[in-house]
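Results of the structural survey
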Amino acid sequence: MTYDTVIRKGSVVDGSGAAIFTADIALAEGRIQCIAAPGSITEPAREIIEAEGLHLAPGFIDVHTHDDLEVIHKPLVPAKISQGVTTVIVGNCGISASPVSLKSDPPDPLNLLGDRTRFAYPQFSAYARAVQDARPNVNVAALVGHTSLRNNHMDDLQRTASDTELAAMRAQLREALQQGAIGLSSGLAYGSAKCADTAEILEMVAELAEQGGVYTTHLRTEFDRILEAIDEALLTAREHRVPLIVSHLKCAGRGNWGRSGEVLGALETAGQHQQVACDCYPYNASSSTLDLAQVTDDIEIFITWSEAFPEQGGRPLAEIAREWNLSSYEAAEKLQPAGAVYHCMSDEDVKNILSHPLTMVGSDGLPNDPHPHPRLWGAFPRVLAHYGRDLGLFDLPQAVHKMSGLSATNFGLANRGFIREGYSADLVLFDYAGLESLASYSQPQRAARGISRVWVNGVCAYSGGVVLDSRSGAFLFRG
């Protein structure tokens, strides 16, 4: 046969954590057709890539994104494809673009995805079709948000759901799972979901047990009561034997620094009896809406946007407060609704969590943010270059495994995440020695250096620093 592409003499990091090997790899019909010793593929190819001196890995899987509507409205997705990400998992933290029906402006934190006009998918199947019609540069798999379901069926989010409301929420979740959603997410730390009691979550997770799918959770708290929050999450998943993934695991707040060992220990212990994993982004600052409960003078808080005072976006909260002659809390109240970056973690905890065998990598980037956290553009190269190559936190095969094979396995993404014959040809070719994440807090929207080429389903989507209009991503239905 004639191959579409042959990549010659690349140093292959296959996504499993196994040792690196040199090979020629042939792509055709969207799949990896042949992996062979250098020089042994003799069939003709439309394109030959000389990859000696470069590393070839499975396309990275961003397991924690809020790209739900970005993949439809900006389908080239430059922030992701430029760092080697070929698959995004959307619908995290309890907030998903579908199924959603709004009677007014989206409640916080649904507003992280956009304004009311962008929520146009009351059924999950309509969202899946919209992604397929948009043909984004990346593959998309979608969770259903618990907060989105609450919004659809409750007139007051400041209480737990009634039996009637729960039945309606379960029915809508069931329908979405049958239409291809990969699971349920919750965001119990947010005001729109914090009043949901454990019984409400158990009822929703029971639907996953019947239909299949994973349960991911933004814990009820990541501050001093984090162990209690982890216990709740573990109980919820264990009760129905559903895989649990703890979102963006962290020890937030100065009083919580140094506790990553006991937090990870709780997950390790539970992992002996139930399926558990977590994800982490490689930075010591978080980002979300401006939460008054997190406003303190103990940490640096950076305002990324404000509806009331748009000109204050891109400035430290402390500086704004001084200018207004207000306390930080009073200034934060005045700025609402707003977004913020919180420098709330210790470097040592980040390293401890990121290096743990249970941990995958997710960016948690906010594409709608006018001054986003640098994780949106830089998370995956930063894991490889800063934490792997420079700090020696893990070797290259282990780093790639956290960003590909481990993620595909935990989320049930068949035929992805590994370089194997017959698998989908999602691949990234990069210069490990020259790799650098250029996104910073002051200049967050910068593409990484050192990503040579990216293929999505066998089609080149990024080459030589240029995002291509390949539009070869697929919607990944559960099962």
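Structure shown above.
This part takes up the sheet that holds strand β12 (residues 276–280). With parallel pairing, eight strands are arranged side by side in an open sheet as β6-β7-β8-β9-β10-β11-β12-β17. Each edge of the open sheet carries a strand with a single partner, namely β6 (60–62) and β17 (359–361). Across the sheet, the axes of successive neighbouring strands diverge by a mean angle of 30°, strand direction being ignored. Pairing analysis gives four bridges linking strand β7 (residues 85–90) to strand β8 (residues 139–145), with the strands arranged parallel. Within the sheet, the bridge partner assigned to Ile89 lies in β8 and is Ala141.

Summed over the entire model, instances satisfying the criterion amount to 24 salt bridges. For the salt bridge of Arg8 with Glu50, the shortest nitrogen-to-oxygen distance reads 3.1 Å. Separated by 42 residues along the polypeptide, Arg8 in strand β1 (residues 3–12) and Glu50 in strand β4 (residues 45–50) bring together distant segments of the chain. Lys80 serves as the salt-bridge partner of Asp62, at 3.2 Å between the closest nitrogen and oxygen. Taken together, the residues span a long stretch of sequence, with Asp62 in strand β6 and Lys80 in helix α2 (residues 78–81) at a distance of 18 residues.

It is worth spelling out helix α7 (residues 226–239) at this point. For α7, built from 14 residues, the straight-helix expectation of 20 Å at 1.5 Å per residue is met to within 8% by its first-to-last C-alpha distance of 20 Å. Those residues of α7 not exposed but buried are Ile226, Ala229, Ile230, Glu232, Ala233, Leu234, Thr236 and Ala237. Against α6 (198–211), β10 (214–218), β11 (244–246), α8 (260–271) and β12 lie the buried residues of α7.

We now examine the packing of aromatic side chains. In the structure shown here, the tally under the stated rule is 11 aromatic pairs. Seen from their ring centres, Phe124 and Tyr127 are 6.4 Å apart, and the 50° between their planes marks the pair as tilted. With a gap of three residues between them, Phe124 and Tyr127 both fall in helix α3 (residues 124–134), about one helical turn apart. The same class applies to Phe124 as to Tyr127, namely buried. Taken together through their ring pairs, the aromatic side chains of Tyr121, Phe124, Tyr127, Phe475 and Phe477 make up a single cluster.

Rules used throughout
- Per chain, residues are indexed from 1 in the order of the written sequence.
- Predicted model: local features are reported for residues with pLDDT of at least 70 only, side-chain atom pairs are reported and counted for 80 or more only, and whole-chain, interface and lining totals are derived from all residues.
- As a rule here, side-chain values come from all non-hydrogen atoms in the structure, and water together with hydrogens is ignored.
- One requirement defines pairing of two strands: DSSP has to find at least two bridges between them.
- The helix and strand labels rest on DSSP assignments: H or I over at least four residues marks a helix, E over at least two residues marks a strand, and numbering proceeds from the N terminus.
- Every axis in this analysis is a line fitted to C-alpha atoms, fitted for helices over the stretch in contact. Angles between the N-to-C directions lie between 0 and 180 degrees.
- The salt bridge definition used is simple: a Lys or Arg side-chain nitrogen within 4 Å of an Asp or Glu carboxyl oxygen.
- Expected helix span is computed as 1.5 Å times (number of residues minus one).
- Relative accessibility under 20% of the residue-type maximum defines a buried residue, over 50% an exposed one, and the middle range a partly exposed one, all with a 1.4 Å probe and only protein chains included.
- The criterion used for residue contact is that any of the two residues' heavy atoms lie within 4.5 Å.
- In summary, the pairing rule links any two rings of Phe, Tyr or Trp, Trp by its six-membered ring, whose centres are within 6.5 Å, and it sorts them by plane angle into stacked for under 30 degrees, edge-to-face for over 60 and tilted for everything else.

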